[in-house]
Amino acid sequence: MAVKTQKKAASIDMTAMCDVAFLLLTFFILTATAKIPEALPVDTPQSTVQTKLPETDLATITIGKGKIFFDLKGKEIRKRTLELMGQKYSVTFSQADKDNFALMEGFGVPIQSLKQIIDMKAADRSKAGQPGVPKDSLDNQLAQWIQNARLANIEIDNKELQIAIKGDAKEEYPAIRKVMDILQDQKINNFSLVTGLRGKNF
């Protein structure tokens, strides 16, 4: 008669697995960067094109809700552009103002009110109710920002500044056309239109 041996349930030590999981979790938390809220969030039109914008030598003009916001890549270029704008409009910016401006995201205020936005914390700027950069014929500060940013980019990087227009899908055409006219007045005929990616079957 055969004797049956009782089988014991196999146990697996999960300590090493938990250690690895927590190490990976800690790594991802420490290396992740928080997304900074956009100064003017817009719902871009959809496209199937997958061309990536350059990481440097780029100015982005955001159009939405009847407002225009301006943004630049590169700390030194931002500082120099601010200096040139200060000289143009007789507004004095301290070195601390320039350093803080170099770290900011896009902005949408007249140059005379920019110092107040610079002094704010990043979280407060998006709630400040910025009215947009003036673009009227009597006070076309947007054209001056573009021109001085181009000068600063050539002076520092010895390259022509690239321009990208990021417009809200619901924005009316005349607002976009106004920005295009400003660009063409400065002989800028090549610029990028920022869109959201969609599937080709849609």
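Residues numbered from 1 in each chain as written. Predicted model: local features only at pLDDT ≥ 70, side-chain atom pairs only at ≥ 80, totals over all residues. Heavy atoms only, no water.

A.B. asks: Summarise the overall build of the protein; cite the residues concerned and give the values.
C.D. replies: A tally of regular secondary structure across the protein gives seven helices and six strands. The linear arrangement of helices and strands in the protein, starting from the amino end, is α-β-β-β-α-α-α-α-α-β-α-β-β. With 202 residues in all, the protein has 37% of them scored as buried. Summing over all exposed atoms, the protein offers an accessible surface of approximately 13500 Å²; the carbon and sulfur share of this is 55%. (Helix = DSSP H or I, 4+ residues; strand = E, 2+ residues; numbered from the N terminus. Buried < 20%, exposed > 50% of the residue type's maximum accessible area, 1.4 Å probe, protein only. Areas by Shrake-Rupley, 256 points an atom, 1.4 Å probe, with all protein chains shown as cover.)

A.B. asks: Report on the pairing of strand β3 (residues 67-72), specifying residues and quantitative values.
C.D. replies: With five of its six residues buried, β3 lies for the most part within the structure. Direction of pairing for strand β2 (residues 58-64) relative to β3: antiparallel, over a ladder of six bridges. Residue pairing across strands places Gly 64 opposite Lys 67, the latter belonging to β3. Linking β2 to β3, which pair antiparallel, is a turn of two residues; within it Lys 65 sits at a positive phi near 55 degrees. (Pairing = 2+ DSSP bridges.)

A.B. asks: With reference to specific residues and values, describe the nonpolar core.
C.D. replies: Formed by 37 residues in total, the largest nonpolar core has its most connected members in Ile 61, Phe 70, Leu 114, Trp 145 and Ile 146. For this core, the elements supplying multiple residues, two or more each, are β2, β3, α2 (75-89), α4 (114-119), α6 (141-157), β4 (162-167) and α7 (173-185). Those residues in contact with Trp 145 that sit more than four places away from it in its chain are Phe 70, Thr 81, Leu 82, Met 85, Phe 101, Phe 107, Ile 111, Leu 114 and Val 133. (Core = buried A, V, L, I, M, F, W, Y, C linked by side-chain atoms within 4.5 Å. Contact = heavy atoms within 4.5 Å.)

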